Amino acid sequence: MICLEPDDLVLHAGTCQHRTFLELCETAVAGAFKAITIYPTHYRGAHAEGLSDADMRQVLADHGLGVADLDAVSDWVPGEAAPPAFQGGETFFYGVHDALGGTSLNLAYMGGPIEVARAADAMAGVCERAAERDLLVTLEYLPWCGIPDAATALAIVEKTGCTNATLMFDAWHTYRGSTDEAQLRAVPGARWGSIQLDDAPATPSGELIAETLSARLLPGEGDAPVAEWLRILRESGCAAPVGVEVFSKELDALSPKQAGERLGGATRAVIAAAR
């Protein structure tokens, strides 16, 4: 398993949702990222193109990259089905981990209101199974769903009683949701398992899900206090590497090299400002 330091950069797969696995790696190298995350579409797409697991490991090695987050399991609560866009389940991602490695498994809940106890019980089961592979489990809060903010996610994580239960910080979801500075400061540093930096304008461009999947901005290029939030996370003792996840039609139109350079430059500028 790759060892990632706080100043290492991770390119999250959503940034390259319309690119191939090879192009994802090329984008990461162009931005001097140390690791990538894996979507089911990239893994399955590589296989469809004729790459074996061994071939994918070689591509990662040739590009000097490791695998960080496995993203995302959305059917982890019993009785909740995964939306069509998220067809990778827990067992699927364990197979990806066994093939390519990984440091954490991300959980995203897409349903409506849910009791903390029910969510915590389901997450604890995932944490116990993930611990067998030395994986952290991150819980991502989404402003339009039943786990909408950091406070709710923290309550669930702490109730699991599992040391590998953590939160995913996403600047876009934080800015567009109800999470405030007090909620962020209430999270112990060790409970932040992964970071996704991105940005947004003060005024939403339209329906939230459509915006989040196509119109995010690079870190530091919008109105969210991204550098201040990163400073708060670091002051709390958060040691997660800095990831970037920018769903953007503008980035999609660039070459992997151009996109990677812009992503790496913008993220490092935010890190510098946070210091």
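Structural data are supplied above this passage.
The model shown is predicted, which means the values in this text are computed figures rather than measured ones.

1. A closer look at a nonpolar patch on the surface
On the surface, Trp144, Ile209 and Leu213 cluster together into a nonpolar patch covering about 240 Å² of accessible area. As for its placement among the helices and strands, Ile209 is situated in helix 9 (residues 208-214). Classification of Ile209 by relative accessible area gives partly exposed; the value is 35%.

2. Let's talk about the nonpolar core
In this structure, Ile36, Trp76, Met123 and Phe169 are the most contacted members of the largest nonpolar core, which totals 82 residues. Among the elements that make up this core, the one with the highest residue count is helix 5 (residues 116-131) (8 residues). When neighbours within four sequence positions are excluded, Ile36 is seen to be in contact with Val10, Leu11, Phe21, Leu24, Cys25, Ala28, Leu60, Leu65, Gly66, Val67, Ala68 and Asp69.

3. Regarding the packing of aromatic side chains
Using the criterion set out here, one finds 6 aromatic pairs in the structure. Taking 5.8 Å as the distance between ring centres and 80 degrees as the angle between the ring planes, the aromatic pair formed by Tyr43 and Phe92 counts as edge-to-face. Of this pair, Tyr43 sits in helix 2 (residues 40-48) while Phe92 sits in helix 4 (residues 90-100), and the two are 49 residues apart along the sequence. Classification of Tyr43 as buried rests on a relative accessible area of 10%. Each ring, one from Phe169 and one from Trp229, has its centre 6.0 Å from the other, and the planes form 75 degrees; the classification is edge-to-face. Of this pair, Phe169 sits in strand 6 (residues 165-170) while Trp229 sits in helix 10 (residues 226-235); the two residues are 60 residues apart in sequence, bridging distant segments of the chain. Across this residue pair, the class does not change: Phe169 and Trp229 are buried. Chaining the aromatic ring pairs together yields one cluster made of Phe169, Tyr175, Trp192 and Trp229. Geometry around Phe92 places Arg44 over its ring, the cationic atom sitting 4.2 Å from the centre.

4. Thoughts on the environment of Leu154
Tracing the backbone through its elements, the reader meets Leu154 in helix 6 (residues 150-160). For Leu154, a relative accessible area of 10% gives the class buried. Taking C-alpha positions, Leu154 is 25 Å from Asp8, a pair spaced 146 residues apart along the chain. Ignoring sequence-local partners within four residues, the contact set of Leu154 consists of Leu167, Ala186, Val187, Pro188 and Arg191.

5. What about helix 3 (residues 53-62)?
Those residues of helix 3 that fall on the buried side of the exposure criterion are Met56, Val59 and Leu60. Along helix 3, the residues classed as buried sweep out an arc of 100 degrees about the axis, all on the same side. Residues of helix 3 that are exposed and point over 90 degrees away from its buried face: Ala61 and Asp62. Elements in contact with the buried residues of helix 3: helix 1 (21-30), strand 2 (35-38), helix 2, strand 3 (66-73) and helix 4.

6. Examining the side chain of Thr267
Within the secondary structure layout, Thr267 lies in helix 12 (residues 256-274). By relative accessible area, which is 0% here, Thr267 ends up buried. In contact with Thr267, not counting residues within four places along its chain, are Leu9, Leu197, Pro219, Val242 and Val244.

7. Details of the pattern of salt bridges
Per the counting criterion, the structure on display carries 15 salt bridges. One salt bridge connects Glu228 with Arg185, and the closest N-O pair in it is separated by 3.8 Å. Of this pair, Glu228 sits in helix 10 while Arg185 is found in helix 8 (residues 181-185), placing the two residues 43 residues apart along the sequence. Overall, Glu228 belongs to the partly exposed group, its relative accessible area being 28%. Residue class for Arg185 comes out partly exposed when judged on its relative accessible area of 44%. One salt bridge connects Glu245 with Arg216, and the closest N-O pair in it is separated by 3.2 Å.

8. What about the sheet that holds strand 3?
Here 8 strands make up a closed barrel; going around it, the order is 1-2-3-4-5-6-7-8 and the pairing parallel. Across the sheet, the mean angle separating the axes of adjacent strands is 30 degrees when strand polarity is ignored. Packing of helix 1 onto the sheet brings it into contact with strand 1 (9-11) and strand 2, and relative to strand 2 it is tilted by some 150 degrees. Running at roughly 165 degrees to strand 7 (residues 192-197), helix 10 makes contact with strand 6, strand 7 and strand 8 (242-244) of the sheet.

Calculation notes
Residues numbered from 1 in each chain as written. Predicted model: local features only at pLDDT ≥ 70, side-chain atom pairs only at ≥ 80, totals over all residues. Heavy atoms only, no water. Patch = residues over 30% accessible without salt bridge, like charges linked within 9 Å, V, L, I, M, F, W, Y side chains within 5 Å. Areas by Shrake-Rupley, 256 points an atom, 1.4 Å probe, with all protein chains shown as cover. Salt bridge = Lys/Arg side-chain N within 4 Å of Asp/Glu carboxyl O. Helix = DSSP H or I, 4+ residues; strand = E, 2+ residues; numbered from the N terminus. Buried < 20%, exposed > 50% of the residue type's maximum accessible area, 1.4 Å probe, protein only. Core = buried A, V, L, I, M, F, W, Y, C linked by side-chain atoms within 4.5 Å. Contact = heavy atoms within 4.5 Å. Phe/Tyr/Trp six-rings, centres within 6.5 Å; stacked < 30°, edge-to-face > 60°. Lys NZ or Arg CZ within 6 Å of the ring centre and 35° of its normal. Arc of directions from axis to C-beta. Pairing = 2+ DSSP bridges. Axes fitted to C-alpha atoms, helices over the stretch in contact; angles between N-to-C directions.

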